[in-house]
Amino acid sequence: MSTYTALCVGGPKDGQWLTVDRRTFEVAELPKIEFTTAMTDAVIEPFVRHVYHVDNFVAFGFGVWIAVCERQFTGSTERNRAILRAILQRDVAAQMGVL
């Protein structure tokens, strides 16, 4: 089984590196909840699930794995801009073997 060290784009893990063994994985995020006495009977979801999809980004013969959070971006232009902002960082160049 392969493992992927991927740079996360969007969601709670934005900008972080994760090593995963699948091309699709989930991350749980605790909701931000303020408790009041009026909420004593409310049902509260224990966490929010975010799904990431891993894909390979290759440029000039160097590659890096990118994990993009599902439903985080409104369209492909916004998604592509987020990916480009993420990969144009010094630690990404090191991960790609350029430095």
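For the structure itself, look to the data block above.
Everything numeric here is computed off the predicted structure, so don't read it as measured data. (Residues numbered from 1 in each chain as written. Predicted model: local features only at pLDDT ≥ 70, side-chain atom pairs only at ≥ 80, totals over all residues. Heavy atoms only, no water.)

(A) The packing of aromatic side chains, seen in detail. Evaluation of the coordinates by the stated rule reveals two aromatic pairs. Taking 4.7 Å as the distance between ring centres and 70° as the angle between the ring planes, the aromatic pair formed by Y4 and W65 counts as edge-to-face. Remark: W65 occurs in strand β5 (residues 62-69) and Y4 occurs in strand β1 (residues 4-9); sequence separation between them is 61 residues. Measuring from ring centre to ring centre gives 5.3 Å for F25 and Y52, while their planes differ by 5°; the resulting arrangement is stacked. Note that F25 is positioned in strand β3 (residues 24-29) and Y52 in strand β4 (residues 48-59), a separation of 27 residues in sequence. (Phe/Tyr/Trp six-rings, centres within 6.5 Å; stacked < 30°, edge-to-face > 60°. Helix = DSSP H or I, 4+ residues; strand = E, 2+ residues; numbered from the N terminus.)

(B) View of the nonpolar core. L7, V9, V64, I66, V68, F73, A82, I83, A86, I87, V92 and M96 together form the largest nonpolar core, which totals 12 residues. Those elements that place two or more of their residues in this core are β1, β5, α1 (76-87) and α2 (90-96). At four residues, α1 tops the list of elements feeding residues into this core. In terms of nonpolar packing, the next biggest core, distinct from the first, is built from 10 residues, A6, C8, V27 and V54 among them. (Core = buried A, V, L, I, M, F, W, Y, C linked by side-chain atoms within 4.5 Å. Buried < 20%, exposed > 50% of the residue type's maximum accessible area, 1.4 Å probe, protein only.)

(C) Local environment of the sheet that holds β1. Ordered in space as β2-β1-β5-β4-β3, the five strands form an open sheet in which the pairing is mixed. Looking at strand neighbours, the two that pair on one side only are β2 (17-20) and β3, the edges of this open sheet. If you compare each strand with its neighbour and ignore which way they point, the axes differ by 40° on average. With four bridges connecting them, β1 and β5 associate as parallel partners. Bridge assignment links A6 to a residue of β5, and that residue is W65. (Pairing = 2+ DSSP bridges. Axes fitted to C-alpha atoms, helices over the stretch in contact; angles between N-to-C directions.)

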